[in-house]
Amino acid sequence: MFHNILVLFSLFLLVSSAHAGVVDFCVADLSAPQGPAGYSCKPPAEVTADDFVYSGLSVPGNYSSLFNAAINIAFVDQFPGLNGLGISMARADINPGGVVPMHHHPGASETILIAKGTITAGLISSDNTVYLKTLNEGDIMVFPQGLLHFQVNTGKKQALVWVSFSSSNPGLQILSNALFSNNLPSEYIEKTTFLDDDEVKRLKALLGGSG
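Per chain, the residues get numbers from 1 upward, laid out in the order the sequence is written. Side-chain atom pairs in this predicted model are given and counted only at pLDDT of 80 or more, local residue features only at pLDDT of at least 70, and totals for whole chains, interfaces and linings cover all residues. Hydrogens and water are ignored here; the side-chain numbers use all heavy atoms of the structure.

### As for the confidence of the model for the protein chain
- Per residue, pLDDT captures the predictor's confidence, and it can take any value from 0 to 100. Averaged over all residues, the pLDDT of the protein chain is 91; the fraction at 70 or higher stands at 90%.
- Two residues form a contact once any of their heavy atoms are found within 4.5 Å. Taken as a whole, residues 8-20 scores under 50 in pLDDT and shows 0 contacts with residues more than four places along the chain or in a different chain.

Here it is as structure tokens:
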């Protein structure tokens, strides 16, 4: 009896997989809510070639004077054709001395390609081992999903970095913003980071936090 059930279950999985395999793509319907699995699909009759093309990365993103860098992204919300494909991209234009600050992506691994300039990049593993490397034009570095990492332009000219992710919506949390750009009471930040009150207040003022 158990053998028969197992056979039937296996056949069900095969049929389900075969059915799923005939769907060529799932262009995001951005007018619908986004669920854990992504956006629902736009009706195929409404899909056009433009859904598979995105030109937004031809220019730098919005410049941050604090980070001395500009980031431009092509995630599913900007590029609906990525929906369900498990990929996305970005570009980083980093001025000399500029940074992409310590951050992590909860939903994706990241790969960077140095197209121009020199940067120093690092990641920190879950056992607090630091992996630090200076990268030049043509070098590639990978940052495993969920690990803290950063990039600093240690060269003498602007760096251009192309970025790819293993998700159409990788997520982003910047460590400094998580601590100092919200209303988490200063006393708890001080207790958990061992920073003094003056420094916490300075960083909150810099990053727009309160409390």
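### Some remarks on the state of the cysteines
- Note that a disulfide, as used here, is simply two cysteine sulfur atoms within 2.5 Å. Overall, the coordinates contain 1 disulfide when judged by the stated rule.
- Here Cys26 engages in a disulfide with Cys41; their sulfurs sit 1.9 Å apart. Between Cys26 and Cys41, the S-S dihedral sits near -110°, and the bridge is therefore left-handed. Placement of the pair is Cys26 in the loop between helix 1 (2-21) and strand 1 (62-64) and Cys41 in the loop between helix 1 and strand 1, with a sequence separation of 15 residues. Under the DSSP-based scheme used, a helix requires at least four consecutive residues in state H or I and a strand at least two consecutive residues in state E, with every element numbered from the N terminus.

### A few points about unusual backbone geometry
- Residue Asn68 is not a glycine yet carries a positive backbone phi of 60°.
- Mapped onto the elements, Asn68 comes out in the loop between strand 1 and strand 2 (69-74).
- The backbone phi angle of Asn128 is positive, close to 70°, even though this residue is not glycine.
- Inspection of the secondary structure assignment puts Asn128 in the loop between strand 6 (119-124) and strand 7 (130-135).
- Type-normalised accessible area, obtained with a 1.4 Å probe on protein chains alone, sets the label of each residue: buried when under 20%, exposed when over 50%, and partly exposed for intermediate values. On the basis of relative accessibility, which here comes to 62%, the residue Asn128 falls in the exposed class.

### Some words on the packing of helix 3 (residues 186-193) against helix 4 (residues 197-207)
- Interaxial angle, 0 to 180 degrees, is taken between N-to-C directions of lines fitted to C-alpha atoms, where a helix line uses only the stretch in contact. One can describe the packing of helix 3 onto helix 4 by two numbers: an axis separation of 10 Å at closest approach and a directional angle of 120°. Relative to helix 4, helix 3 is oriented so that their crossing is right-handed. Together, Ser186, Ile189 and Glu190 of helix 3 and Asp197, Val200 and Lys204 of helix 4 make up the contact between the two elements.
- The nonpolar class holds Ala, Val, Leu, Ile, Met, Phe, Trp, Tyr, Cys and Pro. Asp, Glu, Lys and Arg form the charged class, and all remaining residues, Gly among them, are polar. Its residues placed into classes, the contact of helix 3 with helix 4 shows 2 nonpolar, 1 polar and 3 charged. In a left-handed crossing the near helix is turned counterclockwise from the far helix by less than a right angle, and in a right-handed crossing that turn is clockwise.

### Section: the packing of aromatic side chains
- Put simply, two rings from Phe, Tyr or Trp (the six-membered ring, in Trp's case) pair if the centres are within 6.5 Å, and we call them stacked under 30 degrees between planes, edge-to-face over 60, tilted for the rest. In the structure shown here, the tally under the stated rule is 3 aromatic pairs.
- When the ring of Tyr54 is compared with that of Phe79, the centres are 5.7 Å apart and the planes differ by 20°; the resulting orientation is stacked. Taken together, the positions of Tyr54 in the loop between helix 1 and strand 1 and Phe79 in the loop between strand 2 and strand 3 (88-94) put the pair 25 residues apart, joining distant regions of the chain.
- Considering the side-chain rings of Phe75 and Phe165, the 5.5 Å spacing of their centres and the 85° angle between planes classify their relative orientation as edge-to-face. Placement of Phe75 in the loop between strand 2 and strand 3 and of Phe165 in strand 10 (residues 159-165) is noted, with a sequence separation of 90 residues between them.

### Structural notes on the sheet that holds strand 5 (residues 110-116)
- Spatially, 1-2-3-10-5-8 is the arrangement adopted by the 6 strands of the open sheet, whose pairing is antiparallel. Only two strands of the sheet have a single neighbouring strand rather than two, namely strand 1 and strand 8 (140-143). With direction set aside, neighbouring strand axes in the sheet form an average angle of 25°.
- Note on pairing: DSSP must find at least two bridges between two strands before they are called paired. Pairing of strand 1 with strand 2 involves 3 bridges; the strand directions are antiparallel. If you follow Asn62 over to strand 2, its bridge partner there is Ile71.

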